[in-house]
Amino acid sequence: MRAVARREMPAHPKLRATRADLRSREARRALEGADVVFHLGAALWRDRAGSDAGSVNIEGTRNVVAARPGLLVVASSAAVYGAWHDNPLPMDETHAPRPNAECLYASHKLAAEGVALDGAPTTVLRLAAVLGPAMDPQVARAARGYRLAVPAVRGATQALQFLHEDDATSALVAAGGKPPAGIVNIATDDWLDAGELAAAARSRVVRLPRRVALGAPEAAFRLRLAPAGADRAIFLTGPMALSSDRAASRLGWRAQLDSRRTIRDFLHGPQEPSTS
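What comes next concerns the included structure. Quick caveat: nothing in here was measured; it's all calculated off a predicted structure.

1. A few points about helix α6 (residues 194-201)
Owing to its 3.6 residues per turn, the α-helix aligns residues three or four sequence positions apart on the same side.
Now for step 1: Looking only at α6, the buried set comprises Ala194, Leu197, Ala198, Ala200 and Ala201. The arc that holds the buried residues of α6, viewed along the axis, is 160°, so those residues lie on one side.
Now for step 2: Among the residues of α6, the N-terminal cap falls to Asp193, whose side-chain oxygen and the backbone nitrogen of Gly195 are separated by 3.1 Å.
Now for step 3: Count one or two residues on from α6 and you reach Arg202, which has phi positive near 60°.

What follows is the structure in structure tokens.
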């Protein structure tokens, strides 16, 4: 096995690790000739100057494609669909992606999908929000905020899904063992509105005007109090639940844990089974 990352990786006798930027020649050389490449590398966060991580997300993907993998499995995001009031519940892969202008990350992910699909035999996995012990620390910090309150935009419909990291991993493994499948949604079969999320989190819903719901997080981001601002808060403005029927038919995959269980266990720990 081979792996490329910017950070140091744990030693393993079966792993040949290369520490390099995904856009570099070293990264491309390390990946050349691979039968299957799982492309998980992405820059999630904006920098404080207000620019974005498009170079990493798009040019990094271009460099992976240049390594000519036999199969490329790309971890993309449900964010490419955008949070819009007229989104159907749930959305399947025929629904046109419409990234919100506030979230450049979603636009870059959509562009990276196009680079991959045009340049290599590819399966793109559009993942719902992933939670678990190994998740990004800043994402974990934001999710734990649900224990205090669940923010919601007045008048907006919310439909959120939470995918356990073990289910996300099993989807990647399933995709790596199948022929290229194009675009495939990876999500739970259920979704939660604000009230259901608050019940799972054992907190309460705080409904805010759209201007406040987007403006307050953006101010906190610019004051270095939060890792994200309006670019993530925008997902409160419309439903974003995905159908995973194509994952079932083409990859033989279904989530083992639902959204309610995933967020509840993440926030409060696994529940003991009833003995009654």
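2. Here's the deal with the pattern of salt bridges
Now for step 1: Summed over all chains, the structure comprises 13 salt bridges.
Now for step 2: Notably, a salt bridge pairs Asp21 with Arg23, separated by 2.7 Å at the nearest N-O pair.
Now for step 3: Given a relative accessible area of 24%, Asp21 falls into the partly exposed group.
Now for step 4: Given the relative accessible area of 34%, Arg23 is considered partly exposed.
Now for step 5: Here Asp189 makes a salt bridge to Arg254, at a shortest N to O gap of 2.8 Å. Separated by 65 residues along the polypeptide, Asp189 in the loop between β9 (182-186) and α6 and Arg254 in the loop between α9 (245-251) and α10 (259-268) bring together distant segments of the chain.
Now for step 6: The network of salt bridges with common partners includes Asp189, Asp245 and Arg254.

3. Here's the deal with the packing of α6 against α10
Now for step 1: The interhelical angle for the contact between α6 and α10, taken along N-to-C directions, is 40°, at an axis separation of 8 Å. As judged from the angle between their axes, α6 and α10 are oblique. Read as a crossing pair, α6 and α10 show a hand that is right-handed. Contacts between α6 and α10 involve Glu196, Leu197, Ala200 and Ala201 from the first element and Arg260, Ile263, Arg264, Leu267 and His268 from the second.
Now for step 2: Across the contact of α6 with α10, the residue classes tally to 5 nonpolar, 1 polar and 3 charged.

Cut-offs applied
- Residues numbered from 1 in each chain as written.
- Predicted model: local features only at pLDDT ≥ 70, side-chain atom pairs only at ≥ 80, totals over all residues.
- Heavy atoms only, no water.
- Buried < 20%, exposed > 50% of the residue type's maximum accessible area, 1.4 Å probe, protein only.
- Helix = DSSP H or I, 4+ residues; strand = E, 2+ residues; numbered from the N terminus.
- Arc of directions from axis to C-beta.
- Polar contact = N/O pair within 3.5 Å; in protein donor to acceptor, adjacent residues only side chain to side chain.
- Salt bridge = Lys/Arg side-chain N within 4 Å of Asp/Glu carboxyl O.
- Axes fitted to C-alpha atoms, helices over the stretch in contact; angles between N-to-C directions.
- Parallel < 35°, antiparallel > 145°, perpendicular 65-115°, else oblique.
- Left-handed = near helix turned anticlockwise from the far one by under 90°.
- Contact = heavy atoms within 4.5 Å.
- Nonpolar A, V, L, I, M, F, W, Y, C, P; charged D, E, K, R; others polar.

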